[in-house]
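# Understanding the architecture of this molecule
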Amino acid sequence: MALDKPYLDVPGTTIFDAEQSRKGYWLNQFCMSLIKADNRIRFKANERAYLDEWAMTEEQKLAVLARDLNWCIRLGGNIYFLAKIGSTDGKSFQQMAGSMTGMTEEEYRNMMINGGRSANGNRVIGEDGDAQAHRQPQGQGQVLPQAAAVKKGT
């Protein structure tokens, strides 16, 4: 019996429920490994080799290599864990979140200081608010150019 998930109709939101948790288990475990300095050094020295030590899917590994956090979230990543990738790269959370929304760090910070995105037009998919997929730089789950380059091996 499938679980009813009425919350799947919120634009711009991936709910980290039990299903997402299972899907992203190894991706999130990899991220948690970056808490240790030795692991961060090993990862930065040879990212692909380090990722290959984890039972992640190939797509999860490509998403990490591309630093496409939206892609990582679709594949089960949780932002709490994914933040460790940004930290390993020397980025603030605001820089990371901005990259996920197509905003600069300053634009993202100002939006959050001013109360975040409006709920008007963003309560369910299909309304006309600014969080709707067709108004986002990442579109409707399409792969960003840097992720496509990683997929092609460039």
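Description of the structure in this document.

Parameters at a glance
Residues numbered from 1 in each chain as written. Predicted model: local features only at pLDDT ≥ 70, side-chain atom pairs only at ≥ 80, totals over all residues. Heavy atoms only, no water. Helix = DSSP H or I, 4+ residues; strand = E, 2+ residues; numbered from the N terminus. Buried < 20%, exposed > 50% of the residue type's maximum accessible area, 1.4 Å probe, protein only. Areas by Shrake-Rupley, 256 points an atom, 1.4 Å probe, with all protein chains shown as cover. Core = buried A, V, L, I, M, F, W, Y, C linked by side-chain atoms within 4.5 Å. Contact = heavy atoms within 4.5 Å. Axes fitted to C-alpha atoms, helices over the stretch in contact; angles between N-to-C directions. Parallel < 35°, antiparallel > 145°, perpendicular 65-115°, else oblique. Left-handed = near helix turned anticlockwise from the far one by under 90°. Nonpolar A, V, L, I, M, F, W, Y, C, P; charged D, E, K, R; others polar. Salt bridge = Lys/Arg side-chain N within 4 Å of Asp/Glu carboxyl O. Phe/Tyr/Trp six-rings, centres within 6.5 Å; stacked < 30°, edge-to-face > 60°. Disulfide = S-S within 2.5 Å.

Each helix and strand in the chain was counted, giving 10 helices and 0 strands. Here the chain, with 154 residues, has 37% of them falling under the buried criterion. Summed over its atoms, the accessible surface of the chain is roughly 9100 Å², and 54% of this surface lies on carbon and sulfur atoms.

A separate point is the nonpolar core. Ranked by internal contacts, the top residues of the largest apolar core, which has 22 residues, are Leu 27, Phe 30, Phe 43, Met 56, Val 64, Leu 82 and Ile 85. Not counting the four nearest positions on each side in its chain, Leu 27 is found in contact with Met 56, Gln 60, Val 64, Cys 72, Leu 75, Gly 76, Gly 77 and Leu 82.

A word on the packing of helix α2 (residues 25-33) against helix α7 (residues 79-88). For the pair α2 and α7, interaxial distance at closest approach is 8 Å and the crossing angle is 45°. As far as their axial angle goes, α7 and α2 are oblique. Seen from above, α2 lies across α7 with left-handed handedness. Residues Leu 27, Asn 28, Phe 30, Cys 31 and Met 32 of α2 lie in contact with α7, whose contacting residues are Tyr 80, Phe 81, Leu 82, Lys 84 and Ile 85. When its residues are assigned to classes, the contact of α2 with α7 shows 8 nonpolar, 1 polar and 1 charged.

With that settled, the discussion passes to the pattern of salt bridges. Per the counting criterion, the structure on display carries 11 salt bridges. Residue Glu 53 is joined to Arg 42 by a salt bridge in which the shortest nitrogen-to-oxygen separation is 2.4 Å. Here the residue Glu 53 occupies a position in the loop between α4 (47-51) and α5 (58-66), and Arg 42 occupies one in helix α3 (residues 37-45), the gap between them amounting to 11 residues. For Arg 42, a relative accessible area of 37% puts it in the partly exposed group.

Position of Ala 63 relative to the elements: it lies in helix α5. For Ala 63, a relative accessible area of 0% puts it in the buried group.

Looking now at the environment of Leu 75. Its location among the elements puts Leu 75 in the loop between α6 (69-74) and α7. For the pair formed by Leu 75 and Thr 57, sequence separation is 18 residues and the distance between their alpha carbons is 9.0 Å. For Leu 75, the contacting residues outside a window of four places in its chain are Lys 23, Gly 24, Leu 27, Glu 59, Gln 60 and Ala 63.

To continue, consider the packing of aromatic side chains. On inspection of all chains with the given rule, the structure shows 8 aromatic pairs. Three or more aromatic residues joined by ring pairs make a cluster, and in this case those are Tyr 25, Trp 26, Phe 30, Phe 43, Tyr 50 and Trp 54.

Right, let's get into the state of the cysteines. Applying the stated rule across the entire model yields 0 disulfides. Not engaged in a disulfide, the cysteine Cys 72 finds its nearest cysteine sulfur in Cys 31; these two sulfurs lie 6.8 Å apart. We classify Cys 72 as buried; its relative accessible area is 1%.

Running from N to C, α7 and helix α8 (residues 93-101) cross one another at 110°; their axes reach a closest spacing of 9 Å. The angle between α7 and α8 falls in the class roughly perpendicular. Only Phe 93, Met 96 and Met 100 of α8 make contact with α7, whose side of the interface consists of Ile 79, Leu 82, Ala 83, Gly 86 and Ser 87. For the contact of α7 with α8, the class distribution of residues is 6 nonpolar, 2 polar and no charged.

This part covers unusual backbone geometry. One non-glycine residue, Arg 67, lies in the positive phi region at around 55°. With respect to the secondary-structure elements, Arg 67 resides in the loop between α5 and α6.

Scope: geometric values only; no functional claims are made or implied.
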